[in-house]
Amino acid sequence: MANTEYDYDVLYIGSGHGTFDGAIPLAARGVKVGVIESGLIGGTCPNRGCNAKITLDAPVALTRLAENLNGVVNGNLSIDWKANEQHKHAVIDGLPNMIGGLMKSVNIDLISGHGVLKDRHTVTVDNDSKTAEKIVISTGQHPHRLDIPGTDLAHDSEDFMNLTALPKNITIIGAGYISLEFATIANAAGSNVTVLTHGDHVLRKFYQPFVKQVVADLEKRGVVFINNAKVTKFGQTDRHYNIEYNDNQTITTDWILDATGRIPNTQGIGLDEIGINYNARGIEVNDHLQTSIDNIYASGDVIDKDQPKLTPTAIFESTYLMHQFAGDSADPINYPVIPSVVFTSPRIAKAGVSIEDAQQNGQYEVKTNHLPDDWYRQVTKEGLGDNALVYDKNHHLVGATEMSDQAEDAINTLLPAIEFKFGPAELERLVPLFPTIGADTLGQL
């Protein structure tokens, strides 16, 4: 693909999963690749997202397990927040150098600075210009901030994960992943947590009967949910903060987390100037991930798409573009089944056809299991847990949703059966290790 007319064959703006998972194998095949990054190499997920979150959550899962086995395991566990935060840094601080090292090892040029599109083949980085035959926009998203008086008094998810001391009282605005996951973590670590939601449901993209069980458990543990709360103002009194909502109702707290969503990073990168189409949901692309300028592509969370804006989606898109650019395929993108999970305790995970869609469509059969009745879940005395398996008319598994302490591993186990439409003959050929969550999960099919 080498083209001496330009500095690079492919130039990426952004260095997250929408870039590096595909850029590294692409460069290893001799394609001249450049990557522009204004912040930490690796983007959101390794540095201020998935990796940090799951590290902070690990002690929560452990305390839940000890709680279930109370009497079998003696002694009360508590989370040392300062130590938890230090452990998080030990896990993630080396990731930018590791990812950057992988890119440099295949001769990718890492260009530090803010990239702005100048024309269809040119990106300016500060006062320098870089040219490429193909350009990939992989700029991700950033936290949404409420447009109300005092909004600067609130914090975002990165701020929460960098807290060296946990405030006694934390108030979270929002009803999605970040809100519920961080409410779970903060509550388990000893904070008094209040969650304000704009509507009357949380985690709206997940099966609500399962969500309600998770919410009820959090409420039992002391988390306060205030639904239908229209937040109008943040204020400060001495070292405390005031949140006004609805008709002059007020909450006083020590720390505010604005978890009201994420916004695609489409501003300040030259889209308007060179004529790339985008909207509030992100950059518009076709079925080859091309923007309205055909040699400029987009990948990852910055895209306007129906698929979930998650790391696995970005990895798949980045790898898809690698095969396109390397000449392996000219086919349109064909997304696989992409799972999603919310890391509350218990977790809720899903993949494929949802329970709601299956119930509304007569061509599906839904089989449910109350997991505490299962012998394997009794090993760790799981008290909460349900799943629903969705089958088509030929009894192929086409969807699964689970709420349990091990939901993410259970859904991962089922992914091949859903994606490749395994029938009874294929399932018989799967002989998992026993006793394991994988064996238990496959045994339900």
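See the structure printed just above.
Procedures and definitions
- Residues numbered from 1 in each chain as written.
- Predicted model: local features only at pLDDT ≥ 70, side-chain atom pairs only at ≥ 80, totals over all residues.
- Heavy atoms only, no water.
- Axes fitted to C-alpha atoms, helices over the stretch in contact; angles between N-to-C directions.
- Helix = DSSP H or I, 4+ residues; strand = E, 2+ residues; numbered from the N terminus.
- Parallel < 35°, antiparallel > 145°, perpendicular 65-115°, else oblique.
- Left-handed = near helix turned anticlockwise from the far one by under 90°.
- Contact = heavy atoms within 4.5 Å.
- Nonpolar A, V, L, I, M, F, W, Y, C, P; charged D, E, K, R; others polar.
- Salt bridge = Lys/Arg side-chain N within 4 Å of Asp/Glu carboxyl O.
- Buried < 20%, exposed > 50% of the residue type's maximum accessible area, 1.4 Å probe, protein only.
- Phe/Tyr/Trp six-rings, centres within 6.5 Å; stacked < 30°, edge-to-face > 60°.
- Lys, Arg positive; Asp, Glu negative; His and termini not counted.
- Patch = residues over 30% accessible without salt bridge, like charges linked within 9 Å, V, L, I, M, F, W, Y side chains within 5 Å.
- Areas by Shrake-Rupley, 256 points an atom, 1.4 Å probe, with all protein chains shown as cover.
- Core = buried A, V, L, I, M, F, W, Y, C linked by side-chain atoms within 4.5 Å.
- Disulfide = S-S within 2.5 Å.
- Pairing = 2+ DSSP bridges.
- Expected span 1.5 Å × (residues − 1).

Trainee: Any chance you could break down the packing of helix α3 (residues 50-68) against helix α7 (residues 177-188) for me, citing the residues and the numbers?
Mentor: Contact pair α3 / α7: the axes reach a minimum separation of 10 Å and the direction vectors enclose 55°. By the angle between their directions, the pair α3 and α7 is classed as oblique. Along this stretch, α3 crosses α7, giving a crossing that reads as left-handed. Together, Lys 53, Leu 56, Asp 57, Val 60 and Arg 64 of α3 and Glu 181, Phe 182, Thr 184, Ile 185 and Ala 188 of α7 make up the contact between the two elements. The residue inventory of the contact of α3 with α7, partitioned by class, reads five nonpolar, one polar and four charged.

Trainee: Outline the pattern of salt bridges, supporting the account with residue identities and numerical values.
Mentor: Charged atoms that come close allow side chains of opposite charge to pair. In total, this model carries 18 salt bridges according to the counting rule given. The shortest N-O distance in the salt bridge between Arg 120 and Asp 294 comes to 2.6 Å. In this pair, Arg 120 is assigned in the loop between β4 (115-119) and β5 (122-125) and Asp 294 in the loop between β17 (282-283) and β18 (296-298), connecting sequence segments 174 residues apart. Owing to a relative accessible area of 37%, Arg 120 belongs among the partly exposed residues under this scheme. Bridged by salt links that share partners, the residues Glu 67, Asp 217, Lys 220 and Arg 221 form one connected network.

Trainee: Residue-level account of the packing of aromatic side chains, with values.
Mentor: Under the criterion given, the structure shown has ten aromatic pairs. Measuring from ring centre to ring centre gives 4.9 Å for Tyr 207 and Phe 210, while their planes differ by 90°; the resulting arrangement is edge-to-face. This pair shows no difference in class: Tyr 207 is buried, exactly as Phe 210 is. Within the aromatic cluster, the residues linked to one another by ring pairs are Trp 81, Phe 160, Phe 182 and Trp 255.

Trainee: Which residues make up the side chain of Arg 64, and what values do they have?
Mentor: Structurally, the position occupied by Arg 64 is in helix α3. No salt bridge forms around the buried Arg 64; measuring N to O, its nearest opposite-charge neighbour Asp 217 is 4.6 Å away. Ignoring sequence-local partners within four residues, the contact set of Arg 64 consists of Thr 184, Ala 188, Leu 218, Arg 221 and Ser 345.

Trainee: Can you lay out a nonpolar patch on the surface for me, pointing to particular residues and giving the numbers?
Mentor: A surface patch of nonpolar side chains, about 270 Å² in accessible area, is lined by Leu 62, Leu 65 and Leu 77. Relative to the elements of secondary structure, Leu 65 occurs in helix α3. Assessed through its relative accessible area of 34%, Leu 65 is described here as partly exposed.

Trainee: Outline the nonpolar core, listing residues and values.
Mentor: Of all hydrophobic cores here, the largest spans 46 residues; its most connected members are Tyr 12, Val 33, Ile 108, Leu 117, Ile 137 and Ile 276. If you look at the next biggest cluster of nonpolar residues, it comprises 41 residues, including Phe 182, Ala 186, Val 193 and Val 223.

Trainee: Describe the packing of helix α1 (residues 17-28) against helix α10 (residues 311-326), naming the residues involved and giving the relevant values.
Mentor: The N-to-C vectors of α1 and α10 enclose an angle of 35°; their axes lie 7 Å apart at closest approach. Considering the relative orientation of α1 and α10, their crossing is right-handed. Residue-level inspection shows His 17, Gly 18, Thr 19, Phe 20, Asp 21, Gly 22, Ala 23, Pro 25 and Leu 26 of α1 in contact with α10, the latter providing Thr 311, Ala 314, Ile 315, Ser 318, Thr 319, Met 322, Phe 325 and Ala 326. Class assignment of the residues belonging to the contact of α1 with α10 gives a composition of nine nonpolar, seven polar and one charged.

Trainee: I'd like a description of the state of the cysteines, backed by residues and values.
Mentor: Overall, the coordinates contain one disulfide when judged by the stated rule. Linked covalently through their sulfurs, Cys 45 and Cys 50 form a disulfide whose S-S length is 2.2 Å. With the S-S dihedral at roughly -130°, the linkage between Cys 45 and Cys 50 falls on the left-handed side. By relative accessible area, which is 31% here, Cys 50 ends up partly exposed.

Trainee: Hey, could you go over the sheet that holds strand β20 (residues 347-352) for me, with residue numbers and the actual values?
Mentor: Spatial strand order, β19-β20-β23-β22-β21: five strands in an open sheet with antiparallel pairing. If you trace the sheet from one side to the other, it starts and ends with β19 (340-342) and β21 (365-370), each paired once. Strand-to-strand twist of the sheet, defined as the mean angle between neighbouring strand axes without regard to direction, takes the value 10°. With six bridges joining them, strand β22 (residues 386-391) and strand β23 (residues 397-404) adopt antiparallel strand pairing. Across the sheet, residue Ala 388 finds its bridge partner in β23, namely Thr 401. Against the sheet, helix α13 (residues 407-419) touches β19, β20, β22 and β23, its axis set at about 175° to β23.

Trainee: A description of α10 should follow, citing residues and the corresponding values.
Mentor: The end-to-end C-alpha separation of α10 is 23 Å, in line with the 22 Å expected for 16 residues at 1.5 Å each. Here α10 has its buried residues at Thr 313, Ala 314, Glu 317, Ser 318, Tyr 320, Leu 321, Met 322, Gln 324 and Phe 325.

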